[in-house]
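# Descriptive analysis of the structure
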Amino acid sequence: MTSSDTPPAGSLVRAEIDAAALRANAAALAADIGPARLKCVVKANAYGHGVDLVAPILHAAGHREFCVATLDEAMSLRRLLGEDATIMAWLYGPQTDLDAPLDAGIELGVSTAGALDRILAAAARTGVPARIHLKIDSGLGRNGLAPDDVATVLATLKECAGEERPRVIVAGIMSHFAVADEPERPETAQQQEVFETARRELTALLDSAGGRLGEADDLDVHIANSPAALTLRPVPGTSARVGLALYGLSPLADAQPEDLGLVPVMRLVSEVVNLKDIPAGHGASYGLTYTAEADTRFALVPGGYGDGLPRSASNRAEVSIRGQRFPIVGRIAMDQFIVDVGDTEVAIGDEVVLFGPGGPSATDWADWAETINYEIVTRISARVDRIAVNAEATGGAAATGSVPETEQPTAGAA
Ligand SMILES: *Cc1c(COP(=O)(O)O)cnc(C)c1O
């Protein structure tokens, strides 16, 4: 046990979060997608980057629109950022409490007729009109209103407009693409048509309600995610919900971050904690799935699936030590893995770059693990400290405030 006045040593695996890269990505994206506005998607602990670090950095740089998936995420974000931020969330169930989020000014996506009924009931209790975004299923088949549901919801809204004090403001209409990362496919344009039809119906309703449900001119129309925001020109709608690209990763198979003007924000590092001579024929890790062909040296590195590394990258992934690539040999365990460093000069205490600048990329890990870069960063676990680097704001057009200059690890993840 550490006593309360002893600072914790910090985790062995650390995720350095480059605040300057994050600010630059957000500024570049905001400029590129204009006149559409940037909505910063910080769900799932800011794609594993640590929402407690990421959201305040974006907020201090002048960004005011944030999206998360769940209402728990939305409530934590409200506590983190205060009142001066627009926060929207779209994923909740029939039992989810809506009173507290509506009271906290969280804007809610509406994906079922039942959800709108519950929102109206909650708004009657809180006494504050709920701000909603109709979420249209334009072809993804996931969440969102199917065409029949759209008609039901519009009918309910029409009734609301007739009430003495409408309990709802329609702040936006949204949808989500299925194949925007494959720009040659026709479904993206088809989804935009379905979405546009719903938008026209809603606009007509808002106009006929004479502003009682919100002004049609103020309607926030958003369908673009990262791949759409990077490939569609003009970006459809009045804003775009951008997640992955904010973190400097490419959602497109044929584009690297630098091709898109993006810089990876997370650098995942560990260190060599043991180094040993290994005779030819010696095995490595559980299952002894790797055998040294010749005399060599094994470096032991903290980092395993308990930290979020994919075990499926065993015997495939590489890491960088002293600027040189080395293979991970044998199975990645819960807490540690083995690197075959051969006769290269490596010492205990050397930094090991798992991914990010100076090492392989998160996308390399995705290839090794047969998944996507979204999953590689998002799965980094609570055991890994997130540490802000380059936190000092150096100005820039979007900077409206300063970022805390301390570089303190936030132990654990929200
Ligand atoms: C996650 C998510 C996004 C962000 O997607 P990216 O590809 O990371 O930009 C946008 N909208 C919805 C509905 C999402 O679930």
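Owing to the predicted nature of the structure, the values given are computational and were not obtained by experimental measurement.

Let us look at helix α10 (residues 362-369). Three or more residues of α10 are buried, namely Ala362, Trp365, Ala366, Trp368 and Ala369. For α10, the angular spread of the buried residues around the axis is 165 degrees, confining them to a single face. Where α10 is buried, its residues touch β15 (318-321), β16 (324-329), β18 (351-355) and α11 (373-378). Glu370, located one to two residues past α10, shows a positive phi value of around 55 degrees.

So, on to the nonpolar core. Val42, Ile132, Leu134, Leu157, Leu213, Val339 and Trp365 are the most contacted members of the largest nonpolar core, which totals 125 residues. Residue contributions to this core reach at least three from each of two domains, namely domain 1 (19-248) and domain 2 (266-409). Setting aside residues up to four positions removed in sequence, Leu157 forms contacts with Leu116, Ile132, Leu134, Val168, Val170, Leu202, Leu205 and Leu213.

Below, the discussion takes up the site of the ligand. Lys43, Tyr47, Ser226, Gly243 and Tyr374 are the nearest of the 14 residues found near the ligand. Taking Lys43, its side chain carries an N or O atom lying 2.7 Å from an oxygen atom of the ligand. Measuring from an oxygen atom of the ligand, one finds a side-chain N or O atom of Arg142 at 3.3 Å. Isolated, the ligand exposes 390 Å² of accessible area, and the fraction of that covered by the protein chains is 95%. Of all the elements in the fold, those that place two or more residues in the shell around the ligand are α2 (43-47), α9 (226-231) and β9 (239-242). Taken together, the residues that form the shell around the ligand break down as seven nonpolar, four polar and three charged.

Before going further, it helps to spend a moment on the UniProt feature "active site" (unreviewed entry) in the protein chain. UniProt records the feature "active site" (unreviewed entry) at Lys43 and Tyr286, using the numbering of this structure. A maximum C-alpha distance of 34.8 Å among these annotated residues, which run over 244 residues, shows that they spread across the structure rather than meeting at one spot. Mapped onto the elements, Lys43 comes out in helix α2. For Lys43, the residues in contact, after removing those within four places along its chain, are Cys67, Val68, Ala69, Glu73 and Trp90. Those residues in contact with Tyr286 that sit more than four places away from it in its chain are Arg331 and Ala333.

A separate point is the environment of Asp367. Inspection of the secondary structure assignment puts Asp367 in helix α10. Of the residues examined, Asp367 reaches a relative accessible area of 54% and is grouped as exposed. Asp367 sits 301 residues away from Phe66 along the chain, and the two C-alpha atoms are 30 Å apart.

Looking now at the domain arrangement of the protein chain. Accessible area lost upon the coming together of the parts is a frequently used measure of interface size. Segmenting the protein chain into domains produces domain 1 (19-248) and domain 2 (266-409). Computed from C-alpha atoms alone, the centre-to-centre distance between domain 1 and domain 2 is 36 Å. In this assembly, 19 residues from domain 1 lie in contact with 19 residues from domain 2. For the domain 1 and domain 2 pair, buried surface summed over both sides reaches about 1400 Å², with 61% attributable to carbon and sulfur atoms. Among the residues domain 1 hides against domain 2, the three largest losses belong to Arg23, Ala60 and Leu244. Together they make up 31% of the total. Where domain 1 packs against domain 2, one counts six residue pairs in polar contact (both at pLDDT 80 or more). For the side of domain 1 that touches domain 2, the secondary structure elements donating two or more residues are α1 (19-33), α2 and α3 (51-60). Top contributing element to the side of domain 1 that touches domain 2 by residue count: α3, with four residues. When grouped by side-chain class, the residues that make up the side of domain 1 that touches domain 2 number 10 nonpolar, seven polar and two charged.

Analysis parameters
- Residues numbered from 1 in each chain as written.
- Predicted model: local features only at pLDDT ≥ 70, side-chain atom pairs only at ≥ 80, totals over all residues.
- Heavy atoms only, no water.
- Buried < 20%, exposed > 50% of the residue type's maximum accessible area, 1.4 Å probe, protein only.
- Helix = DSSP H or I, 4+ residues; strand = E, 2+ residues; numbered from the N terminus.
- Arc of directions from axis to C-beta.
- Contact = heavy atoms within 4.5 Å.
- Core = buried A, V, L, I, M, F, W, Y, C linked by side-chain atoms within 4.5 Å.
- Domains from an automatic or database assignment.
- Near = heavy atom within 4 Å.
- Polar contact = N/O pair within 3.5 Å; in protein donor to acceptor, adjacent residues only side chain to side chain.
- Areas by Shrake-Rupley, 256 points an atom, 1.4 Å probe, with all protein chains shown as cover.
- Nonpolar A, V, L, I, M, F, W, Y, C, P; charged D, E, K, R; others polar.
- UniProt positions renumbered as here; feature names shortened; annotations may be inferred.
- Buried area = accessible area lost by both parts, 1.4 Å probe.

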